[in-house]
Amino acid sequence: MNRERFLALLYRVADRVRWPLGPYATLGIGAAALLVAALLWGNCGLTGCPDVGRLAAYQPDGAPVLLDRNGKQFGNLAPFERRVVPLDSLPDYVGKAFVAVEDKRFYDHNGVDWRRAIGAALVNVRARGVSQGFSTISMQLARNVFPKQLPGQERTFRRKLLEIRVAKAIEHRFSKDEILEMYLNHIYFGGGAYGIETASRHYFGKSAKKLLLSEAATLAALPKAPAHYDPRRHPDRSTTRRAIVLAQMLDQGMITESDAEGARKAKLRVPAEAPSGSSESALGAYFIDVIRSMLDEKFGDELYSSRLRIYTTLDATAERAAEEELDRQLRSLSGRVRKGDGPLQGSVVVMEAATGDVLALVGGRDHRKSRYNRAVLASRQVGSAFKPFVYATAIQEGFYASQILEDTPYQLVLSRGNVWEPKNYDGSYEGGISLRNALVRSRNIPTVRLASMVGYDKIETLAHNAGVRSDIPDQPSMALGVASMSPLELATAYTPFATLGQRAKPRFLVRVESEDGRVLWEPPAAPAEPALDPKVAYIATDMLRDVVDRGTGAGVRSAGFRGPAAGKTGTTNDATDAWFIGYTPDLVADVWIGYDTPSPISSAATGGELAAPVWGRIMRRIYADRPAPAPWSAPAGVVERSIDPMTGLVLEEGCLPEYGEARGEVFLVDHIPESSCPSRGDWFSDFFNDIGQRIEGIFSRPDPEDRVREQQEQLRQRQTEMERFLEKRREQLEKRREQLEREKARGNQNRGRGRGNDR
């Protein structure tokens, strides 16, 4: 095209668009624009290009800061120590695994894979959104090493251009193997682990030099989405992604079919806990691990790109008390317990009952030696700590706290002719015992009988409503706590008792702010939900207060805590787990002690002996720095009456028990037992009759066998009376149930008349 024709074309275009400038001015402006664009490209915009020469010596800047509930710093989220390893020291398939899945034309392009870029653009146009990227290894390296200049969360055309520009500078400065080596030593693998060596030790407990093909493929699967494919938290996702990596390696001729098949079939052997490289455990180390996991899921590697301010629910006083008192107890038990597979461990959880804010969380005795968070991850049988759910269900179903239960030998024929014969902890029987005392003294047989009368399905429903998420076996032994839960789950399930009805959800994180104070993330606080009738919760709490004051949890008081408190001990078969779960009107906390591999702690270990005193000392320290709450108040619908402790029945006005002293008891107003007025004998005659019997006994030597037969006859008579009483109570409950069903049916009929065919 000659000069005249080109100018004529420019004039025609200018006429159509009404361009105000002439052709020479237009050419000048265009040339200037191209010059400015070239300068900006060469300088990476106005801010300048990052110095790619710093790559080999790069270290991340300041770590995110962790703040407690009072705004005071208690730790940070510094990434784990980076360990740089040469590429040629690694097995050949390690580098190939990353190339295969992240950038298969890595050795052919000059920083940008334009074939992949065009393909991704077409896919995104069809998807009407960004569904596929085209970042090469060089581009990922640029983004990860220079997060301030190339922020990953900024998904703009400008950032992508700068990323390409820096990637090309990296390619110009370094060889391909050097780039791959830097990539492997700087890329983020999740869990605070940067670099292949740290990741290998974090996930597999070994140096990257010793990685197997299956393990290399597992690590190569992580950079795409570290939290999503975390092999420790999401093994199924990790295995699926590993198979994709191996398939890519096979397709690209990097491994043989037999190698790929062997690696695909290899089990994902990731230890349950990651080793800690810290020489000193920070305050709230297990709490920090929970926060790190949550933020990894939200922010990924960008979590470590700036000095974020992370506000948490941790209470430094509570956390310090929990750590120190648990450590004190575990140290004191050294030499007094049986040796297990590893050291004796423990955990503590302290929560605000109304909000669910986790004030303290201790997941083990030493975070430096074991990062396995038992408070969150360990699932252990809770033993008698489950019993309050049984008794609360009974109160809900119309039983009352003074009602007499049978505490005699009990056998239950199970399927296939198996016979289950539960025992009380001390092997003794009391004949008859009230619901209250059965719970206070943690009697097994009365609890099993009560559960069978109440209904296992109803107990399970109440426990799940309270916050139990684990499976509860639908069998008679459920009443004795064969269900397994984590300490955090058990503490959550007790919040409806402490709040008299409301269930809270655990909360660790309040908000995340940038260095300049902008709120980047503020997870919404989950509102408390109704979970238990306040009246039922109050009566259950009143019974559990006796556990602390005069029952199996009396170790709380002996430890010096005097505030209002309720709770329950728990000891599993063969004393393998010792629990105390307790609460005040505003806090719920539990203490667990045991071995990681279940084994007996000692022949006489109980939750009351080992865990309750720890709980008491922790609470004493917390409330030294916190206002004491007011005791629980009875809600409407709960009344107090004087009862005859022998029968559990209400005493009529002016009447006294036949034996002993009258005692106060709380009842649901709709389920007050019948009243009675026992006749008291002439105390003068009774006194002399007793003296006479004692004198007669001195001169007459009764046959021991006759005495045994007499005692057996008395026990049979008492059992007969008890059976009559329970049968009468069952009849009353059945009549009441039938009455409620009739009332419900009448109500449905009335609603049907008013609403036509509404179902």
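Heads up: the structure comes first, above all this text.
Residues numbered from 1 in each chain as written. Predicted model: local features only at pLDDT ≥ 70, side-chain atom pairs only at ≥ 80, totals over all residues. Heavy atoms only, no water.

A separate point is the pattern of salt bridges. A complete count under the given rule lists 39 salt bridges for this structure. Notably, a salt bridge pairs Glu171 with Lys176, separated by 2.9 Å at the nearest N-O pair. The residue Arg264 makes a salt bridge to Glu261 at a minimum N-O spacing of 2.8 Å. On the criterion of helical spacing, the pair formed by Arg264 and Glu261 is a turn pair, its members being three residues apart in helix H11 (residues 257–265). Look at Arg264 and you get partly exposed, because its relative accessible area is 29%. Here the salt bridges do not stand alone but share partners, grouping Arg69, Glu352, Asp357, Arg507, Asp586 and Arg626 into one network. (Salt bridge = Lys/Arg side-chain N within 4 Å of Asp/Glu carboxyl O. Helix = DSSP H or I, 4+ residues; strand = E, 2+ residues; numbered from the N terminus. Buried < 20%, exposed > 50% of the residue type's maximum accessible area, 1.4 Å probe, protein only.)

Once that is clear, we can look at the nonpolar core. Ile310, Phe386 and Phe389 are the most contacted members of the largest nonpolar core, which has 86 residues in total. At eight residues, the largest contribution of residues to this core is made by helix H21 (residues 534–550). Those residues in contact with Phe386 that lie beyond four places of it in its chain are Ile459, Ala463, Ile472, Met478, Ala479, Gly481 and Met485. Among the nonpolar cores identified, the runner-up in size contains 45 residues, and Ala100, Ile137, Ala216 and Leu219 belong to it. (Core = buried A, V, L, I, M, F, W, Y, C linked by side-chain atoms within 4.5 Å. Contact = heavy atoms within 4.5 Å.)

A full pass over the atoms with the stated rule returns 18 aromatic pairs. Each ring, one from Phe386 and one from Phe389, has its centre 5.3 Å from the other, and the planes form 50°; the classification is tilted. Across the pair, exposure class does not vary: Phe386 and Phe389 are buried alike. Considering the side-chain rings of Phe497 and Tyr583, the 6.4 Å spacing of their centres and the 15° angle between planes classify their relative orientation as stacked. In this pair, Phe497 sits in helix H20 (residues 495–498) while Tyr583 sits in strand E17 (residues 577–583), placing the two residues 86 residues apart along the sequence. Of the two residues, Phe497 and Tyr583, both sit in the buried class. An aromatic cluster of three or more residues is present, and its members are Phe386, Phe389, Tyr494, Phe497, Tyr583 and Trp632. (Phe/Tyr/Trp six-rings, centres within 6.5 Å; stacked < 30°, edge-to-face > 60°.)

Take the side chain of Ser402 next. With respect to the element layout, Ser402 can be found in the loop between helix H15 (387–396) and strand E7 (404–407). Excluding residues that lie within four positions of it along the chain, Ser402 makes contacts with Ser434, Ile643, Thr647, Gly648, Glu665 and Phe667.

Judged by pairing direction, the sheet is mixed, and its five strands sit side by side in the order E2-E1-E3-E13-E14 without closing on themselves. Both edges of this open sheet fall to strand E2 (73–76) and strand E14 (519–521), since each of them pairs with a single strand only. For this sheet the average axis-to-axis angle between neighbouring strands, irrespective of direction, equals 30°. Pairing geometry for strand E13 (residues 509–513) and E14, over two bridges, is antiparallel. Bridging from a neighbouring strand, Val512 pairs with Trp521 of E14. Contacts from helix H12 (residues 285–299) reach strand E1 (65–67), E2, strand E3 (309–312), E13 and E14, with the element oriented near 55° to E13. (Pairing = 2+ DSSP bridges. Axes fitted to C-alpha atoms, helices over the stretch in contact; angles between N-to-C directions.)

To continue, consider the sheet that holds strand E5 (residues 358–362). To summarise the sheet geometry, strands pair through backbone hydrogen bonds and adopt either a parallel or an antiparallel arrangement. A sheet is described by the order of its strands in space; here five strands give the open sequence E5-E4-E18-E17-E16, paired in antiparallel fashion. Here the strands that pair on one side only, and so sit at the sheet edges, are E5 and strand E16 (566–571). With strand direction ignored, the average angle separating the axes of adjacent strands in the sheet is 5°. With four bridges connecting them, strand E4 (residues 345–352) and E5 associate as antiparallel partners. Residue pairing in the sheet places Met351 in a bridge with Val358 of E5. Lying over the sheet, helix H13 (residues 316–332) contacts E4, E5 and strand E18 (587–594), oriented at roughly 30° with respect to E5. Across the sheet, helix H24 (residues 612–623) touches E4, E17 and E18, and the angle it forms with E18 is around 145°.

None of the figures reported here should be taken as evidence of function without further support.
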